[in-house]
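# Observations on the model geometry
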Amino acid sequence: MTSVKKMGIWMDHASAYLIEFTNDTIETFSIESASAEQGQHVNGSEKAEHHRQQQADTAYYKQLAAVIAQYDDVLLFGPTNAKVELQHYLKENHQYDHIKIALQQTDKMTGNQQHAFVRNYFTIQQQ
């Protein structure tokens, strides 16, 4: 019997906290978006800034997708629509079709709240 690899990702457009869920432990690491830094650069036209923002978002989603590819069951949650944008990015590539991806709207959370949310979600899902 193989175990299902599960991960919860609390995210907004600036950062993502990736929370690997196993029965024994929860491990967390983060990925920062380059768009948070780019928001401070106001040089150039609005169109050019929008293009830079889109490139930064795509690079951010690509980083997250590389991690998600290693899991079977993923929960995306957080306060912004970044999770929906990531889901659309993943649906464009059939490599992710076998991964169960769920979305949940939440407010900002502390690290402990994120861990509890992920643990609760996957524990209820197992029942």
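Look up: the structure comes first, before these words.
This report concerns the structure included in the present document. (Residues numbered from 1 in each chain as written. Predicted model: local features only at pLDDT ≥ 70, side-chain atom pairs only at ≥ 80, totals over all residues. Heavy atoms only, no water.)

Secondary structure summary: the chain contains 4 helices and 5 strands in total. For the chain, the sequential pattern of α-helices and β-strands runs β-β-β-α-α-β-α-β-α. The burial tally for the chain puts 35% of its 127 residues in the buried class. For the chain, long-range pairs separated by at least 24 residues make up 64% of all intrachain contacts whose partners lie at least 6 apart in sequence. Surface exposure of the chain reaches about 7,700 Å², of which carbon and sulfur atoms provide 51%. (Helix = DSSP H or I, 4+ residues; strand = E, 2+ residues; numbered from the N terminus. Buried < 20%, exposed > 50% of the residue type's maximum accessible area, 1.4 Å probe, protein only. Contact = heavy atoms within 4.5 Å. Areas by Shrake-Rupley, 256 points an atom, 1.4 Å probe, with all protein chains shown as cover.)

Okay, the pattern of salt bridges next. Within the structure shown, the criterion is met by 2 salt bridges. Across the pair E49 and R52 runs a salt bridge, and its minimum N-O distance is 2.9 Å. Placement of the pair is E49 and R52 together in helix α2 (residues 46-68), with a separation of 3 residues, close to one helical turn. Taking relative accessible area as the criterion, R52 reaches 28% and is therefore assigned partly exposed. (Salt bridge = Lys/Arg side-chain N within 4 Å of Asp/Glu carboxyl O.)

Where α2 contacts helix α3 (residues 82-91), the axes come no closer than 10 Å and their chain directions differ by 70°. It follows that α2 is roughly perpendicular to α3 by the angle criterion. Note on packing geometry: the crossing formed by α2 with α3 is right-handed. Facing T58, Y61, K62, L64, A65 and I68 of α2, the residues of α3 in contact are A82, E85, L86, Y89 and L90. For the contact of α2 with α3, a count of residues per class yields 8 nonpolar, 1 polar and 2 charged. (Axes fitted to C-alpha atoms, helices over the stretch in contact; angles between N-to-C directions. Parallel < 35°, antiparallel > 145°, perpendicular 65-115°, else oblique. Left-handed = near helix turned anticlockwise from the far one by under 90°. Nonpolar A, V, L, I, M, F, W, Y, C, P; charged D, E, K, R; others polar.)

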